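Summary of structural features
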Amino acid sequence: MSEHTTYIKANALLDRARAKALRLASAESCTGGLVAAALTEIPGSSDVFDRGFVTYSNAAKADMLGLADALLKAHGAVSAEVARAMALGAIDRSLADVAVAVTGVAGPGGGSPEKPVGLVHFACARRDGGVDHVERRYGPLSRAEIRAASVMQALDMMMDAVDAAQRRP
């Protein structure tokens, strides 16, 4: 994915959220704030983007997003359950109407047979209800390629959530 393509997608997302008076947030692990960076690259994004949580460690996920230690121990940080909890935690701890979460194994190390490099879980929560989850297995791409593809997936999910959300009164 090119930086130009990411910019265009992020700009379109901000425009759609702005049209509905919705606020956005991100909760990121393996992308390390790249979703927030893509959105805040756009001038004027501060009227739509509320905040980003970079929760790389399990301790940060617990402290910043309210994830239970038991959840992290039961499923591991790279799981659908943790992605959903991260997205809901971001909604609960922000002013956002839509929050996306990203957690995965970007590599090149850290993978296992159960959770290989390239496995990324995404969740997107709406304050007015609903949490969507997507699992991607990007395979043996580079760390940069996995992270770039993850940003695009996260922006796509936020776009869908904004489209489905009710306009803020």
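See the structure above.
Described in the following lines is the structure provided in the data block. (Residues numbered from 1 in each chain as written. Predicted model: local features only at pLDDT ≥ 70, side-chain atom pairs only at ≥ 80, totals over all residues. Heavy atoms only, no water.)

Structural notes on the pairing of strand β5 (residues 131-137)
For clarity, the threshold we go by: For two strands to be treated as a pair, DSSP must find at least two bridges joining them. Only DSSP runs of H or I with at least four residues qualify as helices, and only runs of E with at least two residues qualify as strands; both kinds are numbered from the N terminus onward.
Where strand β4 (residues 119-126) lies against β5, 7 bridges are found, and the strand directions are antiparallel. Within β5, the residue paired with V120 across the bridge is R136. Once β4 ends, the chain turns through 4 residues before running back antiparallel as β5, passing G129 with a positive phi of about 115°.

With respect to the packing of helix α1 (residues 3-19) against helix α6 (residues 143-164)
Test applied: Only the stretch in contact is used when a helix axis is fitted, and all axes are lines through C-alpha atoms; the angle between N-to-C directions ranges over 0 to 180 degrees. Angle categories are assigned with fixed cut-offs, so that under 35 degrees is roughly parallel, over 145 is roughly antiparallel, 65 to 115 is roughly perpendicular, and the rest are oblique. Left-handed describes a crossing in which the near helix is turned anticlockwise from the far one by less than a right angle; the clockwise case is right-handed. The contact definition used throughout considers only heavy atoms, calling two residues in contact when any of these lie within 4.5 Å.
Two elements in contact, α1 and α6, have axes whose closest approach is 10 Å; the angle formed by their N-to-C orientations is 20°. One element, α1, and the other, α6, form an angle in the roughly parallel class. Here the hand of the crossing between α1 and α6 comes out left-handed. On the side of α1, the interface is formed by T5, T6, K9, A10, A12, L13, R16 and A17, while α6 contributes V151, M152, L155, D156, M158, M159, V162 and D163.

Considerations on helix α5 (residues 80-92)
Three or four residues apart is the spacing at which side chains of an α-helix point the same way, because the helix has 3.6 residues per turn. Applied cut-off: Helix span, as expected, comes to 1.5 Å for every residue beyond the first. Note on exposure labels: buried denotes an accessible area under 20% of the residue type's maximum, exposed denotes more than 50%, and partly exposed covers the range between, all computed with a 1.4 Å probe on protein chains only.
Over its 13 residues, α5 runs 18 Å from end to end, which matches the ideal 18 Å to within 8%, given 1.5 Å per residue. Every buried residue of α5 is accounted for by A80, V82, A83, M86, A87, G89, A90 and I91.

Regarding the nonpolar core
What tends to happen in soluble globular proteins is that the nonpolar side chains get buried as a cluster. The test is simple: Among buried residues, the Ala, Val, Leu, Ile, Met, Phe, Trp, Tyr and Cys ones that are joined through side-chain atoms within 4.5 Å form a nonpolar core.
With 34 residues, the main nonpolar core has L13, L24, V35, L39, F122 and M158 as its most contacted residues. Mapped by element, the contributors of at least two residues to this core are α1, α2 (34-40), β3 (98-104), β4 and α6. The leading source of residues in this core is α6, at 10 residues. Beyond its immediate sequence surroundings of up to four residues, V35 is in contact with S26, E28, V100, V102, V151, A154, L155 and M158. One finds L65, M86, A101 and A125 within the second-largest nonpolar core, a separate group that totals 17 residues.

Observations regarding the state of the cysteines
To be explicit about the condition: Here, two cysteine sulfur atoms that lie within 2.5 Å of each other are counted as a disulfide.
Under the counting rule described, the total for this entry stands at 0 disulfides. Unpaired in terms of disulfides, C124 finds its nearest cysteine sulfur in C30, a separation of 15 Å. According to the relative accessible area criterion, C124 is buried, its value standing at 2%.

A short note on unusual backbone geometry
The step from G107 to P108 runs through a cis peptide bond, and the omega angle for that step is 5°. Although it is not a glycine, A21 sits at a positive phi angle of roughly 55°. Within the secondary structure, A21 is located in the loop between α1 and β1 (24-28).

Quick look at the layout of surface pockets
As a reminder of what qualifies: Throughout, the protein atoms alone are placed on a 1 Å grid, and a set of points is a cavity if a 1.4 Å probe fits but cannot get out or a pocket if it is open with protein on both sides within 12 Å along at least five of seven lines; lining residues have an atom within 4 Å of a point. Grid points are joined across faces, edges and corners, and a volume is the space filled by probe spheres set on the points. Charged residues are taken to be Asp, Glu, Lys and Arg, nonpolar residues to be Ala, Val, Leu, Ile, Met, Phe, Trp, Tyr, Cys and Pro, and polar residues to be all remaining types, Gly included.
Roughly 330 Å³ of internal volume is contained in the largest pocket. Elements that contribute at least two residues to the lining of the largest pocket include exactly α1, α2 and α6. Top contributing element to the lining of the largest pocket by residue count: α6, with 4 residues. Within the lining of the largest pocket, the residues separate by chemical class into 8 nonpolar, 2 polar and 3 charged.

Some thoughts on the environment of P116
Tracing the sequence through the fold places P116 in the loop between β3 and β4. With 11 residues separating them in the primary sequence, P116 and V105 have C-alpha atoms 6.9 Å apart.

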